[in-house]
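# Working through the structure, step by step
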Amino acid sequence: MKIVKDLVRLFLPFVGGNIIGKVIANETKQDYEDFKKPPFAPPKIAFPIVWSILYLIMGFVYMAIRKKDKDSLDVMVTHCTQLILNFSWTLLYFKWKLRFTALIDSFLLLIAVVVQTVVVIKKRPIIGMLLLPYVVWSAYASYLTTGNWILNKDNPNYSNDI
């Protein structure tokens, strides 16, 4: 039973991210072609590659911490919070076209990822360092979301909010 818990902890972010990715696949393709992108926007192929790696890192870090510190409520809360914000950004931005709401979500996610990283580094410094690419990518994703908003907010097809 313990191995099942470990596997769930390891693969939950990856599986959840892939399910949401399948749900919004058509929307992402169209959006990437239809709207202006800020400078330094990556090619669309970069997103599934980077996110798959980050989801596996998230799962590994959470599994490793929970194995060593079973009562780490702070790790569980920060992990679940950032994961909910992460998954909700995708739905807000692509599925429901609530682009300004997704912009706010992206900064809340960045804060949540930083907090989670600090919490994990305090408990297990080397394991916590594995989250640093997620911090960097979350900051970059907030930049991209902000840039997309600024460049496209006046386009009536861009957003369903504001």
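Coordinates for the structure precede this section.
Keep in mind that what you see is a predicted model, and the values were worked out from it rather than measured.

## Some thoughts on the overall build of the chain
For the chain, the helix and strand inventory stands at seven helices and zero strands. When the helices and strands of the chain are listed from N to C terminus, the series reads α-α-α-α-α-α-α. Relative to a compact globule of 162 residues, whose C-alpha radius of gyration would be 15 Å, the chain shows 16 Å and is just as compact. By principal-axis analysis of the C-alpha atoms, the chain measures approximately 50 × 30 × 25 Å.

## Focus on the pattern of salt bridges
Counting across every chain of the model gives five salt bridges. Between Arg99 and Asp31 there is a salt bridge, with its nearest N and O atoms 2.7 Å apart. Of this pair, Arg99 sits in helix α5 (residues 99–123) while Asp31 sits in helix α2 (residues 25–34), and the two are 68 residues apart along the sequence. Residue classification places Arg99 among the buried positions, given a relative accessible area of 1%. Across the salt bridge formed by Lys44 and Glu33, the nearest N and O atoms sit 3.7 Å from each other. Taken together, the positions of Lys44 in the loop between α2 and α3 (46–68) and Glu33 in helix α2 put the pair 11 residues apart, joining distant regions of the chain. Using a relative accessible area of 49% as the deciding quantity, one classes Glu33 as partly exposed. What emerges from the salt-bridge pattern is a single network uniting Asp31, Lys97 and Arg99.

## Some points on the packing of aromatic side chains
Across all of its chains, the model carries 15 aromatic pairs by this definition. Each ring, one from Trp149 and one from Tyr158, has its centre 6.2 Å from the other, and the planes form 50 degrees; the classification is tilted. When sorted by exposure, Trp149 lands in the same class as Tyr158, which is buried. Site record: aromatic cluster; members linked through ring pairs are Tyr32, Phe47, Trp51, Tyr55, Phe87, Tyr134, Trp137, Tyr140 and Tyr143. Cation over ring: Arg99 sits above Tyr93, and NZ or CZ is 4.3 Å from the ring centre.

## Some details on the layout of surface pockets
By volume, the largest pocket is sized at about 990 Å³. Every element with two or more residues in the lining of the largest pocket is listed here: α1 (2–23), α2, α3, α4 (73–95), α5 and α7 (132–152). By residue number, the principal contributor to the lining of the largest pocket is α7, which donates seven residues.

## Some remarks on α1
An α-helix turns once every 3.6 residues. As a result, residues three or four positions apart point the same way. In a regular helix each residue adds 1.5 Å, so 22 residues correspond to 32 Å; α1 covers 31 Å between its end C-alpha atoms and thus fits that length. The largest bend in α1 is about 50 degrees, located at Phe11, with the proline Pro13 one to four residues further on. Listed as buried for α1 are Asp6, Arg9, Leu10, Pro13, Gly16, Gly17 and Ile20. Buried residues in α1 make contact with α3 and α4.

## Some details on the packing of α4 against α7
Put simply, α4 and α7 touch, their axes get as near as 13 Å, and they point 25 degrees apart. With respect to their mutual orientation, α4 and α7 come out roughly parallel. You can see that α4 and α7 cross each other, and the crossing is left-handed. On α7, the residues touching Gln82, Asn86, Trp89 and Tyr93 of α4 are Tyr134, Thr145 and Asn148. By residue class, the composition of the contact of α4 with α7 is three nonpolar, four polar and no charged.

Rules used throughout
- Residues numbered from 1 in each chain as written.
- Predicted model: local features only at pLDDT ≥ 70, side-chain atom pairs only at ≥ 80, totals over all residues.
- Heavy atoms only, no water.
- Helix = DSSP H or I, 4+ residues; strand = E, 2+ residues; numbered from the N terminus.
- Rg over C-alpha atoms; globule rule 2.2 N^0.38 Å.
- Salt bridge = Lys/Arg side-chain N within 4 Å of Asp/Glu carboxyl O.
- Buried < 20%, exposed > 50% of the residue type's maximum accessible area, 1.4 Å probe, protein only.
- Phe/Tyr/Trp six-rings, centres within 6.5 Å; stacked < 30°, edge-to-face > 60°.
- Lys NZ or Arg CZ within 6 Å of the ring centre and 35° of its normal.
- 1 Å grid on protein atoms, 1.4 Å probe; cavity = no way out; pocket = protein on both sides within 12 Å on 5 of 7 lines; lining within 4 Å.
- Points joined across faces, edges and corners; volume = space filled by probe spheres on them.
- Expected span 1.5 Å × (residues − 1).
- Bend = angle between axes of the 7 residues up to and from the residue.
- Contact = heavy atoms within 4.5 Å.
- Axes fitted to C-alpha atoms, helices over the stretch in contact; angles between N-to-C directions.
- Parallel < 35°, antiparallel > 145°, perpendicular 65-115°, else oblique.
- Left-handed = near helix turned anticlockwise from the far one by under 90°.
- Nonpolar A, V, L, I, M, F, W, Y, C, P; charged D, E, K, R; others polar.

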